[in-house]
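Listed below are the residues making up each chain.
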Amino acid sequence: MMMQDVWNQFGPAIATIMFAWTMYQNYFPHELRGHIRRYTDKLVNYFYPYMHIIFHEYETDGWFERSKAYVAIERYLSKNSSTQAKRLVANVVKDGQSLVLTMDDHEEVTDDYEGEKVWWISSQKEANRQTISWYPREEEKRYFKLKFHRKNREIITNTYLKYVLDEGKAISVRERQRKLYTNNKGDGGYDGYRRRMWSQVVFEHPSTFKTLAMEPNKKQEIMDDLETFSKSKEYYAKIGKAWKRGYLLYGPPGTGKSSMIAAMANFLQYDVYDLELTAVKDNTELRKLLIDTTSKSIIVIEDIDCSLDLTGQRKKEEKKEKEDKVEKDVIKEELKKREEKNPSEVTLSGLLNFIDGLWSAIGGERLIVFTTNFVEKLDPALIRRGRMDKHIELSYCCFESFKVLANNYLDVASHDHFPEIQRLLGETNITPADVAENLMPKSSKETADTCLARLIKAVETAKVEAKLKAEEEKAEKEKVEKENEEKKKEAAATEYAKKPDDVKENGNCSETNGVKENADVS
């Protein structure tokens, strides 16, 4: 009976409201409706304590391009959506490693920032289906609405939104599928209307600093340096330097230079651009390649001493006045062969500007890495501090590096063979690559003891070979010195034979007279 009484009283009220709304729609002119609505909204806003900010999925001045702010918010909210929202949408993001779960339309999630609560609502606006638009999915104008108390307007607009966008971008970087790029040679294909400068594959190299064979202290020093660089955007801006850093990796072949680059990329979660200088036409194309790279990347030039003719000494200002004609012909022939073999016109100056010139400041947060087996061949200007800021020598395998390899390949932290191996590694130069090859089991029947014994035998063999090589080099050196000495004597005898007879006789007489005079004096 009580519910019936409530409905009996509520029914006339609803009928009255509907009658008034009908009269308003039919008899109030449009100009008057606009004024009434404007003042009504002001009245509601005066008592309504919340504010709204809208983020549309597509920018009005874009061209089939999603709003970067919308995408960043979507990635940020994905971690809250999966726990709060009841209806989710799974999206496959381009270059992403996994699905991105976001809340469906008309869902709402909450977020806390510095003790203040905000609400995110996912909605869509129905558009007029009869209109024609160049923008995709015009019938589904999706947007995010941020609702917050108006007392928090300053903190939301000044700090919270920046935090959301930065965190969303960081999540996109962490969860993206990292790539390994290589530069195309001239006709590498076209992407739309422009030539593709780089080709790409998924970067899946497993090397990490944990698996890298290196002294622990040196390894930690490199990791600290990389981490400091990745967090120093403001510091580089403060000191007026481009946000980049150069690394020179040098050492004998097989010491792990390429593995070091992969470990650096995995540690920082950076993409890798493997630049092949011989495929670059000239300095202009080199700059275009730099422009086409992204931030959070490592630009690598491996074996820089073998790339073009960039590593020789600079031309001397003073040349010899007289040169043998045969030597000139040999030099010209050699230069001609080099030009035919390598048509690239990249110069040392162009490469220096690529590393440390005005163009190097584009993008920011890049590492430039050179590798070489012969650091003494490189031009000093190429590897000076400021271009190659940190020089890392990757040398032969020491005992600490061996222990890392033994743990990686054999899951062995200690063994009876370790003291003998430590003694041999202190006396013999052997690369980590050779050590790893001997530690790797060749069949399922081989044990750790078998592999370590094989390594001992290999190091002993390397020790004997090194001794024999040293003796051969010493013998060869002595042979060359002896041959040079004989050539000097032959040259002196030949020179003496060319002298006139009177000069020889006068020389003999003077010598004889000198002896006689000395005899008389005595």
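Please refer to the structure higher up on the page.
Here's what I pulled together on the structure shown here. (Residues numbered from 1 in each chain as written. Predicted model: local features only at pLDDT ≥ 70, side-chain atom pairs only at ≥ 80, totals over all residues. Heavy atoms only, no water.)

### Description of empty space enclosed by the protein
- Overall, the coordinates contain one cavity of 30 Å³ or more when judged by the stated rule.
- What the largest cavity holds in volume is close to 40 Å³.
- If you go around the largest cavity, the residues you meet are Trp 243, Lys 244, Leu 290, Ile 299, Ser 360, Gly 364, Arg 366 and Ile 368.
- Classifying every residue of the lining of the largest cavity by side-chain character gives four nonpolar, two polar and two charged. (1 Å grid on protein atoms, 1.4 Å probe; cavity = no way out; pocket = protein on both sides within 12 Å on 5 of 7 lines; lining within 4 Å. Points joined across faces, edges and corners; volume = space filled by probe spheres on them. Nonpolar A, V, L, I, M, F, W, Y, C, P; charged D, E, K, R; others polar.)

### Side note on a negative patch on the surface
- There is a patch of like negative charges on the surface, built from Glu 476, Glu 483, Glu 485, Glu 486 and Glu 490.
- Along the chain, the position of Glu 486 falls in helix H14 (residues 448-497).
- The class for Glu 486 is partly exposed, based on a relative accessible area of 40%. (Patch = residues over 30% accessible without salt bridge, like charges linked within 9 Å, V, L, I, M, F, W, Y side chains within 5 Å. Areas by Shrake-Rupley, 256 points an atom, 1.4 Å probe, with all protein chains shown as cover. Salt bridge = Lys/Arg side-chain N within 4 Å of Asp/Glu carboxyl O. Lys, Arg positive; Asp, Glu negative; His and termini not counted. Charge placed at Lys NZ, Arg CZ, Asp CG, Glu CD. Helix = DSSP H or I, 4+ residues; strand = E, 2+ residues; numbered from the N terminus. Buried < 20%, exposed > 50% of the residue type's maximum accessible area, 1.4 Å probe, protein only.)

### A few points about the pairing of strand E15 (residues 390-393)
- Only one face of E15 is buried, namely the one carrying Lys 390 and Ile 392, since none of His 391 and Glu 393 on the opposite face is buried.
- As paired strands, strand E11 (residues 244-250) and E15 are joined by four bridges and run parallel to one another. What sits directly across from Leu 249, in E15, is Ile 392. (Pairing = 2+ DSSP bridges.)

### A short note on the packing of helix H12 (residues 418-427) against H14
- Running from N to C, H12 and H14 cross one another at 25 degrees; their axes reach a closest spacing of 10 Å. Our classification of the angle between H12 and H14 gives roughly parallel. For the element pair H12 and H14, the recorded crossing hand is left-handed. Counted together, Phe 418, Glu 420, Ile 421, Arg 423, Leu 424 and Glu 427 of H12 and Leu 452, Leu 455, Ile 456, Val 459, Glu 460 and Lys 463 of H14 form the full contact between these two elements.
- The class makeup of the residues in the contact of H12 with H14 is seven nonpolar, no polar and five charged. (Axes fitted to C-alpha atoms, helices over the stretch in contact; angles between N-to-C directions. Parallel < 35°, antiparallel > 145°, perpendicular 65-115°, else oblique. Left-handed = near helix turned anticlockwise from the far one by under 90°. Contact = heavy atoms within 4.5 Å.)

### Here we look at the sheet that holds strand E13 (residues 297-301)
- One open sheet accounts for seven strands, arranged E10-E7-E12-E13-E14-E11-E15; its pairing is mixed. The two strands at the open ends of the sheet, each matched to only one other strand, are strand E10 (198-202) and E15. Put simply, the sheet's adjacent strands are angled 20 degrees from each other on average, direction ignored.
- Sheet topology places E11 next to strand E14 (residues 366-372); seven bridges connect them, and they run parallel. From the neighbouring strand, Lys 244 faces E14, where its bridge partner is Arg 366.
- Strand contacts of helix H5 (residues 216-230): E11, E14 and E15, with the helix running at about 155 degrees to E15, the strand carrying the most contacts.
- On the sheet, helix H7 (residues 257-268) packs against E11, strand E12 (271-274), E13 and E14 and is oriented at approximately 170 degrees with respect to E14.

### What about the environment of Thr 157?
- As for its placement among the helices and strands, Thr 157 is situated in helix H4 (residues 153-175).
- Each C-alpha atom of the pair Thr 157 and Ile 53 lies 9.6 Å from the other, and the pair is 104 residues apart in sequence.
- In terms of polar contacts, Thr 157 uses its side chain to reach the backbone carbonyl oxygen of Arg 153, at 2.8 Å.
- One polar contact links the side chain of Thr 157 to the main-chain carbonyl oxygen of Glu 154, over a distance of 3.3 Å. (Polar contact = N/O pair within 3.5 Å; in protein donor to acceptor, adjacent residues only side chain to side chain.)

### What about the packing of aromatic side chains?
- For the structure shown, the criterion picks out 16 aromatic pairs.
- Look at Tyr 50 and Trp 119: their rings are 5.6 Å apart centre to centre, the planes differ by 90 degrees, and that puts the pair in the edge-to-face class. One end of the pair, Tyr 50, is in strand E1 (residues 50-56); the other, Trp 119, is in strand E5 (residues 116-125), and 69 residues separate them in sequence.
- Ring geometry for Trp 198 versus Tyr 273: centroids 4.9 Å apart, planes at 75 degrees, classification edge-to-face. Of this pair, Trp 198 sits in strand E10 while Tyr 273 sits in strand E12, placing them 75 residues apart in sequence.
- A relative accessible area of 9% means that Trp 198 is categorised as buried.
- Members of the aromatic cluster, joined through ring pairs, are Phe 55, Tyr 76, Tyr 113, Trp 120, Tyr 160 and Tyr 163.
- For the cation-ring pair, Lys 147 lies above Trp 119, with the distance from its terminal atom to the ring centre recorded as 5.1 Å.
- Its guanidinium or amino end placed over the ring of Phe 374, Lys 377 lies 4.6 Å from that ring's centre, counting from NZ or CZ. (Phe/Tyr/Trp six-rings, centres within 6.5 Å; stacked < 30°, edge-to-face > 60°. Lys NZ or Arg CZ within 6 Å of the ring centre and 35° of its normal.)

### Some thoughts on the pattern of salt bridges
- On inspection of all chains with the given rule, the structure shows 19 salt bridges.
- One salt bridge in this structure joins Glu 107 and Arg 87, with 3.3 Å as the shortest N-O distance. You can see Glu 107 sitting in strand E4 (residues 107-113) and its partner Arg 87 sitting in the loop between helix H3 (68-84) and strand E2 (88-92), a full 20 residues away along the chain.
- A residue is classified by how much of its surface remains accessible, and Glu 107, at 11% relative accessible area, is buried.

### Re unusual backbone geometry
- The backbone of His 106 sits at a positive phi, close to 65 degrees, despite the residue not being glycine.
- Among the structural elements, His 106 can be located in the loop between strand E3 (99-103) and E4.
- The phi torsion at Glu 114 lies on the positive side, around 55 degrees, for a residue other than glycine.
- By the element assignment, Glu 114 lies in the loop between E4 and E5.
- What makes Glu 114 exposed here is its relative accessible area of 59%.

### Comments concerning H14
- Here H14 contains 50 residues, and its C-alpha end-to-end distance of 73 Å stays within 8% of the 74 Å for a straight helix at 1.5 Å per residue.
- Among all positions in H14, only Ala 448, Cys 451, Leu 452, Leu 455, Ile 456 and Val 459 are buried.
- Looking at the buried positions of H14, the neighbouring elements they touch are helix H11 (399-410), H12 and helix H13 (432-439). (Expected span 1.5 Å × (residues − 1).)

### Here's the deal with a nonpolar patch on the surface
- Judged by side-chain polarity, Ile 291, Leu 358, Trp 359 and Ile 362 come together as a nonpolar surface patch covering roughly 410 Å² of accessible area.
- Looking at where Ile 291 falls in the secondary structure, it is placed in helix H8 (residues 283-291).

### So, the state of the cysteines
- Tallied over the full model, the rule gives zero disulfides.
- No disulfide involves Cys 397; its sulfur sits 6.1 Å from that of Cys 398, the nearest cysteine. (Disulfide = S-S within 2.5 Å.)

### Some words on the sheet that holds E1
- Pairing in this open sheet of four strands is antiparallel, and the strands run E1-E6-E5-E4 from one edge to the other. Since the sheet does not close on itself, it has two edges, and those belong to E1 and E4, each with one partner. The average undirected angle you get between the axes of adjacent strands in this sheet is 25 degrees.
- Across the face of the sheet, H4 comes into contact with E1, E4, E5 and strand E6 (141-149) while running at roughly 135 degrees to E6.

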